[in-house]
Amino acid sequence: MNKRLFSVVILSVVIVSLIAAYAYIWSGGKERGKDGTPPAATGNKESGVPVGTEVGQRAPDFTLTTTGGKEVSLSNFRGRPVVLNFWATWCPPCREEMPAIQSFYEKRGREIQVLAVNLTASEKSAAHVKDFLKAGGFTFPVLLDTRNTAAQEYLVRAIPTTFFIDREGIIRAKHTGPMTLEMLEKAVEKISNL
């Protein structure tokens with residue numbers, strides 16, 4: 001009887017350890033707070049605004065590489081409103097909204113920063129993404145999320161997902177699904193007038 005109890009205890013410890021290891025790997029190797037949020041959301045506050053992915057929270061910073069090979073951080077654009085869009089070439093709704101993003105970029109790109117984060121870890125290759133952009137005539141800035149770190153940080157579960165961030169780095173609106181030029185213009189009113 002004691003051997004059976006010992007075996008159950010050992011098996012339970014192994015199962016709990018595997019679950020903890022899986023959670024750690026899924027989080028990208030980042031420690032989590034007691035409530036399961038990333039450390040940036042629990043401990044990194046600027047001006048009393050918590051960092052997070054909800055409207056009213058400070059947008060988490062990240063650094064990714066452009067399709068041209070230049071490293072860019074979201075914090076580089078503090079002082080300027082940002083439209084942050086997560087997308088992939090294999091996603092039909094993403095492909096549907098690309099012309100609207102291009103039109104918006106051509107029309108408002110000098111005053112509003114457009115950053116399109118490609119979920120490159122789910123693509124055939126970075127070269128495939130570049131070919132897609134070239135074939136479509138898309139010239140807005142595209143960042144390559146080769147390890148899904150930004151997508152995980154922003155808790156992106158469906159694409160396209162777009163965040164509208166004001167000059168202070170605060171998320172003022174969020175939209176999941178494809179957007180038209182009119183929808184982009186209306187959403188930008190929330191960040192350009194602040």
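Refer to the structure presented above.
Here the structure is a predicted model, which is why all the values come from computation and not from measurement.

S.K.: Tell me about the overall build of the protein chain, residues and numbers included.
M.R.: A count of helical and extended segments in the protein chain gives six helices and nine strands. Scored against the burial criterion, the 194 residues of the protein chain give a buried share of 40%. Pairs at least 24 apart in sequence give 69% of the contacts found in the protein chain among residues at least 6 apart. Entry remark: accessible area of the protein chain is about 11,100 Å², with carbon and sulfur atoms responsible for 56%.

S.K.: An account of helix 4 (residues 126–136) is requested, with residue identities and associated values reported.
M.R.: Among the residues of helix 4, Val129, Phe132 and Leu133 are the ones counted as buried. What you see down the axis of helix 4 is that its buried residues fit within an arc of 95 degrees, all on one side. Turned more than 90 degrees off the buried face of helix 4, the exposed positions are Asp131, Lys134 and Ala135. Among the structural elements, strand 5 (82–87), helix 3 (92–108), strand 6 (113–118) and strand 7 (142–144) are those in contact with the buried residues of helix 4. Directly beyond the C-terminal end of helix 4, a positive phi value near 70 degrees is found at Gly137.

S.K.: Break down the state of the cysteines for me, citing the residues and quoting the values.
M.R.: Here, disulfide denotes a covalent bond that connects the sulfur atoms of two cysteines. Considering all chains together, one arrives at one disulfide under this definition. One disulfide in the model links Cys91 with Cys94; its S-S distance is 2.5 Å. Note on the Cys91 and Cys94 pair: the S-S dihedral is about 75 degrees, so by sign convention the disulfide is right-handed. Judged by its relative accessible area of 3%, Cys91 is buried. By relative accessible area, which is 0% here, Cys94 ends up buried.

S.K.: Pulling in residues and values, what's your account of unusual backbone geometry?
M.R.: Going from Ile159 to Pro160, the amide bond is cis rather than trans, its omega being 0 degrees. On the secondary structure map, Pro160 appears in the loop between helix 5 (149–153) and strand 8 (161–165). Despite not being glycine, Leu155 has its phi angle at roughly 55 degrees, a positive value. Here Leu155 lies in the loop between helix 5 and strand 8.

S.K.: Tell me about the pattern of salt bridges, residues and numbers included.
M.R.: Side-chain pairs of opposite charge can arise where the charged atoms are in close proximity. One pass over the structure, following the stated rule, counts four salt bridges. In this structure, Glu111 engages Arg108 in a salt bridge whose closest nitrogen and oxygen atoms are separated by 3.0 Å. Exposure remark for Glu111: the relative accessible area of 42% places this residue in the partly exposed category. The partner of Asp166 in a salt bridge is Arg172, with the nearest N and O atoms 2.7 Å apart. One network of salt bridges, with partners in common, ties together Lys107, Arg108, Glu111 and Glu185.

Criteria and thresholds
The written sequence of each chain sets the order in which its residues are numbered from 1. In view of the model being predicted, local features appear only for residues whose pLDDT reaches at least 70, and side-chain atom pairs are presented and counted only at 80 or more, with totals across whole chains, interfaces and linings using the full set of residues. Only hydrogens and water are removed before side-chain values are computed, so all heavy atoms of the structure are retained for them. By the criteria applied, helices consist of DSSP H or I runs no shorter than four residues and strands consist of E runs no shorter than two, each listed in order from the N terminus. When accessible area is computed with a 1.4 Å probe and restricted to protein chains, residues below 20% of their type maximum are described as buried, those above 50% as exposed, and intermediate ones as partly exposed. Note on definitions: a residue-residue contact is assigned when non-hydrogen atoms from the two residues lie within 4.5 Å. Here the open area of atoms and residues is found with the Shrake-Rupley method and a 1.4 Å probe, where only the protein chains shown may cover a residue. Directions drawn from the helix axis to the C-beta atoms are what define this arc. For this text, the term disulfide refers to a pair of cysteine sulfurs within 2.5 Å. A carboxyl oxygen of Asp or Glu within 4 Å of a side-chain nitrogen of Lys or Arg is what we treat as a salt bridge.

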